[in-house]
Amino acid sequence: MMAGYDDRDGFIWMDGKLVEWRSANVHILTHALHYASSVFEGERCYNGKIFKSVEHSERLRKSGELLDMPLPFSVAEIEAAKEATLKANGLTDAYVRALAWRGAGEDMGVASKKNPIRLAVAVWSWGNYYGDAKMKGAKLDIAKWKRPSPETIPHAAKAAGLYMICTMSKHAAEAKGCSDAMMFDYRGYVAEATGANIFFVKDGEVHTPLPDAFLNGITRQTVIGMLRDKGITVHERHILPAELEGFQQCWLTGTAAEVTPVGQIGDYNFEVGALTQAISNDYEKLVRA
């Protein structure tokens, strides 16, 4: 069995220095554990180079600002931390997790201005997020939980607290034999999967939900650019559930998911078609270029 994530050899960067993996701990009264005052990034390193690394570091700082939690580290310092962590662990192909949070301090109520903002970077080897789904297409459940209104959350932040309903939805999906769940937004439009954006194909054109109530993923933006470079029409728009029946292909995008074909969502079936395969292959080439 694989060792737990708390019991491994290696090093994790914390607040400016590398510490042994098993010693990378926080106090039980860390504010983020109680009030979700935490933001993070998920990134992949290919052949020694983190794909879109600076964009991820910039988004991490932006997420902190949106949560009234300005990070005490610059983009350049975050970049250096990621490189140091990869080097210390001897990895050139890895998943990279940068995490910022409100630590333990003088405050232990909802307010936390007196508590330090901390930063850590961990890296590890991680294969395909959806296992063999890249070949046959992932099977998705339809979640009962919806992405909330932008009036209730800072949806542009990659904030840990926003993933609670994602975890619940993914657990429910796995209990049904699915890889993941697709979520609607608060208005009933198609939104995203629990940790990935979603695309559909109909008659050679691509349709993807407008990210006005969920995170506009970096991989999502990359794939849209790739499609348009190919001369393929991309519609970023609100998608009604009834439209799922008319789509022929579907795929997910995300740092962990990369480009993963979808074969089924609830009662709707999709082919792993030529365009899906082409975008998946082109993305693989791009990240390793």
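Note that the coordinates shown come from a computational prediction; the quantities given were computed from them, not determined experimentally. (Residues numbered from 1 in each chain as written. Predicted model: local features only at pLDDT ≥ 70, side-chain atom pairs only at ≥ 80, totals over all residues. Heavy atoms only, no water.)

Undergrad: Go over the environment of Y46 with me, naming the residues and quoting the values.
TA: Among the structural elements, Y46 can be located in strand 3 (residues 38-46). Each C-alpha atom of the pair Y46 and Y5 lies 21 Å from the other, and the pair is 41 residues apart in sequence. (Helix = DSSP H or I, 4+ residues; strand = E, 2+ residues; numbered from the N terminus.)

Undergrad: Give a description of the side chain of S112 that names residues and reports values.
TA: Following the sequence through the fold, S112 ends up in the loop between strand 5 (94-102) and strand 6 (117-124). You can call S112 buried: its relative accessible area is 11%. For S112, the residues in contact, after removing those within four places along its chain, are H31, R102 and D107. (Buried < 20%, exposed > 50% of the residue type's maximum accessible area, 1.4 Å probe, protein only. Contact = heavy atoms within 4.5 Å.)

Undergrad: Account for the pairing of strand 8 (residues 180-184), naming residues and giving values.
TA: When you tally the buried positions in strand 8, you get five out of five residues, the bulk of the element. Burial along strand 8 is two-sided: the face carrying D180, M182 and F184 and the face carrying A181 and M183 are both buried. Summarising the sheet, strand 7 (residues 138-142) and strand 8 pair through three bridges and their orientation is parallel. By the bridge assignment for strand 8, D141 is matched with A181. With respect to chirality, the unit in which strand 7 leads through helix 5 (residues 164-175) into the neighbouring parallel strand 8 is right-handed. Pairing between strand 8 and strand 9 (residues 190-193): three bridges, direction antiparallel. (Pairing = 2+ DSSP bridges. Right-handed = clockwise from strand over helix to strand, strands pointing away.)

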